[in-house]
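Secondary and tertiary structure notes
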Amino acid sequence: MPEETMESVGTADLIAAVYAAAERYPKHPAITAPGKVRRIKRRGVDSVKPGQTISYRELVDGIEATARSLHRDGFGLGERMLFSVRPSPAAFILALGAVRAGGSVVFIDPGIGPSLFQDRAALASPRWAASESLLYALSTKSPLRPIARNKGLLLPDYGAMDVHHYYSGPWLPGVPRGASPVRTLVTKSGNANNASDWEGASSQEAVIIFTSGTTGAPKGVVHTRGSLAAGFEQLTTRCTFREGDRVHSEQLMMGLPALIAGAHWTMPAYGFSAHIDPLRLAGELGPVAGKKTAYDGATHLFLVPSQLAPILDSIEAGTVRLPSSLRTVMLGAAPILAPFLKRATRLLPGIDFKLIYGMTEALPVSIADGHEKLAFASGAEAEIKAPDGSGEGDFLGEPLPAVGIRVGEDHELFVHGPNVCRGYLGEDPMAEHATGDLVRLDHGSGGAPRLVMIGRKKDMIIRGKTNIYPALYEPVIAGIHGVQQAVMVGVRDELGDEAVWLAIVVSVGESAASVKSRIARELPKLIDESALPDHIEVLESIPAGGRHRKPDRAALRQEFGSRSQGMAAR
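Here the structure is a predicted model, which means the values were calculated and not measured.

A separate point is the overall build of the chain. Within the chain, the regular secondary structure consists of 16 helices and 32 strands. Here the chain holds 570 residues, and the buried ones make up 53% of them. Across the chain, the fraction of contacts at a sequence separation of at least 24, relative to all contacts at a separation of at least 6, is 65%. Put simply, the chain shows about 26000 Å² of open surface, and 51% of that area lies on carbon and sulfur atoms.

Each strand in a sheet pairs with another by means of backbone hydrogen bonds, the pair being arranged parallel or else antiparallel. Strand order in the open sheet formed by eight strands is β4-β1-β13-β12-β16-β17-β18-β19, with mixed pairing between adjacent strands. A single partner strand is all that each edge strand has here, and the edge strands are β4 (53-55) and β19 (362-369). Taking each pair of neighbouring strands and ignoring which way they run, the sheet shows an average axis angle of 20°. Bridge count for strand β17 (residues 328-332) against strand β18 (residues 352-359) is five bridges, and the pairing is parallel. Its bridge partner lying in β18, V329 is registered against F353. On top of the sheet, helix α9 (residues 252-260) reaches β1 (29-32), β12 (246-248), β13 (264-266), β16 (300-303), β17, β18 and β19; it is set at about 155° to β13, its chief contact.

Attention now goes to the layout of surface pockets. Estimates place the volume of the second largest pocket at around 1400 Å³. Together, 43 residues line the second largest pocket, and A33, Q52, S88, P89 and A90 are the ones closest to its centre. Those elements that place two or more of their residues in the lining of the second largest pocket are β4, α3 (56-73), α4 (89-100), α6 (133-139) and β8 (164-168).

So, about empty space enclosed by the protein. Applying the stated criterion to the full structure yields two cavities of 30 Å³ or more. Approximately 80 Å³ is the volume found for the largest cavity. As for the largest cavity, its lining consists of L14, F92, A95, L96, V99, V105, F107, V207, L228, L252 and L256. Of all the secondary-structure elements, those providing two or more residues to the lining of the largest cavity are α4, β6 (104-107) and α9. Per element, the largest residue contribution to the lining of the largest cavity is four residues, and it comes from α4. Looking at the lining of the largest cavity residue by residue, the class counts come to 11 nonpolar, no polar and no charged. The calculated volume of the second largest cavity comes to roughly 40 Å³.

Below, the discussion takes up the pairing of strand β5 (residues 80-84). Most of β5 sits out of view: five of its five residues are buried. Of the two faces of β5, both are covered, the one formed by R80, L82 and S84 as well as the one formed by M81 and F83. Direction of pairing for β5 relative to β6: parallel, over a ladder of four bridges. Residue pairing across strands places L82 opposite V106, the latter belonging to β6.

Thresholds applied
Residues numbered from 1 in each chain as written. Predicted model: local features only at pLDDT ≥ 70, side-chain atom pairs only at ≥ 80, totals over all residues. Heavy atoms only, no water. Helix = DSSP H or I, 4+ residues; strand = E, 2+ residues; numbered from the N terminus. Buried < 20%, exposed > 50% of the residue type's maximum accessible area, 1.4 Å probe, protein only. Contact = heavy atoms within 4.5 Å. Areas by Shrake-Rupley, 256 points an atom, 1.4 Å probe, with all protein chains shown as cover. Pairing = 2+ DSSP bridges. Axes fitted to C-alpha atoms, helices over the stretch in contact; angles between N-to-C directions. 1 Å grid on protein atoms, 1.4 Å probe; cavity = no way out; pocket = protein on both sides within 12 Å on 5 of 7 lines; lining within 4 Å. Points joined across faces, edges and corners; volume = space filled by probe spheres on them. Nonpolar A, V, L, I, M, F, W, Y, C, P; charged D, E, K, R; others polar.

Right, here's the structure in full:
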């Protein structure tokens with residue numbers, strides 16, 4: 001990559017980029033709030049009333065007003081704000097207002113449990129907190145607390161935190177005394193002052209995100225205004241947004257690059273929790289023609305594979321139809337297996353699929369086109385092939401222009417570049433990030449190095465003298481007729497050796513016994529003999545966890561470990 005391009009990316013600033021878009025498109029729609037869900041009793045379906053839309057000028061005015069108000073309250077350079085407000089234009093304005101004021105926003109999922117929440121909050125040491133009034137009410141001793149307990153939620157007591165509190169929404173019992181309503185931060189008077197004090201802003205701490213699944217010593221990933229802007233710029237090298245596009249997503253990491261490009265960011269509706277119903281989301285993608293708001297159908301959509309799966313089922317059943325305006329579906333946050341992608345391209349032939357690979361520490365690393373991945377999976381564009389002629393491994397694509405890579409002797413991928421985080425909270429700055437992903441480089445016919453995942457260090461199974469990488473074989477197994485999902489895990493015996501357990505979910509209408517027999521018959525022809533499973537178990541569903549509902553391999557190991565002990569006892 002040319003040196004001057006690297007410098008331009010590295011010195012970019014998140015806030016300045018949003019403000020530049022507002023200068024170009026001040027009256028254009030910027031963000032539309034999540035709609036209100038209403039149940040239509042006669043039809044037994046949900047209807048969504050579109051939320052309020054704000055323009056780019058209103059967005060920037062709100063950020064400036066919020067930053068000024070926070071300054072008056074004492075929030076400024078180096079301050080941190082614990083942030084627990086669901087996606088909305090007001091929440092986005094508050095978050096960017098805090099960053100504009102010189103501080104940073106700390107994201108901690110309140111659903112992780114009080115103990116882990118306290119550990120993470122203690123590490124970040126925020127002196128400010130912004131939360132929904134409902135969360136205060138559900139987490140403290142109030143009449144509403146039993147609602148959370150009945151739903152299995154054990155929430156930390158937000159109101160007991162010794163910080164300056166802001167609350168979003170109406171006042172409810174449990175909101176601490178002296179807390180300020182978020183709505184008062186945005187004043188009606190005065191215009192935004194597009195200050196020229198951007199010099200040095202790119203190095204300012206902007207967000208702290210705790211990595212999902214972290215237990216024990218918490219790890220908070222620190223991103224700066226510059227690293228976030230660089231990441232968004234890299235995203236748009238493959239996922240093209242432009243003025244007039246409409247991007248539908250609740251993800252901040254999708255909405256921000258859309259805004260920087262001058263596009264319209266619409267947010268999906270949600271119910272009691274921030275959980276997004278995939279089928280309801282699919283129904284929100286069409287054009288809106290209301291009395292107070294009107295806009296075209298969505299052009300871009302971001303989903304995790306587990307959200308796309310029920311949409312595909314409904315498309316196949318004829319109960320869901322996506323609008324013709326939809327051009328691009330971005331998939332990420334979990335593995336996208338080739339058989340699943342092949343089905344998606346068959347059911348949505350006019351859609352350009354973009355497959356995003358990255359992690360909290362480096363967003364993104366690579367973005368593959370759907371056709372690239374399928375060409376690799378077929379073997380047509382694969383340098384190294386499996387015994388059946390298919391491409392071996394999980395294709396991730398060519399590293400993005402500003403992303404530098406290094407592959408260790410054990411195949412672990414290390415990445416560096418302007419989009420990599422500053423480091424972990426409380427630790428030394430990060431020169432490069434050790435991803436924990438095991439890869440090899442495949443050059444295909446084009447000659448450029450492309451990343452192919454062969455496994456995760458922590459997922460590696462050791463059986464005898466053989467290292468088995470599940471990511472190499474799970475896509476192959478999922479390609480067998482009748483297999484909807486496949487996950488391999490290792491279960492240790494008393495000697496420390498691991499038996500290979502294969503968990504599968506069979507496709508609708510298939511017999512579990514026949515699919516299991518088919519796997520046993522076909523698998524020796526498809527994968528190395530040293531990787532053949534010792535046990536094949538058919539499950540109704542694969543346990544999943546985290547925000548993106550990834551397969552919970554630890555839960556599978558525990559379940560199969562119990563079964564293994566039971567088998568040994570007999």
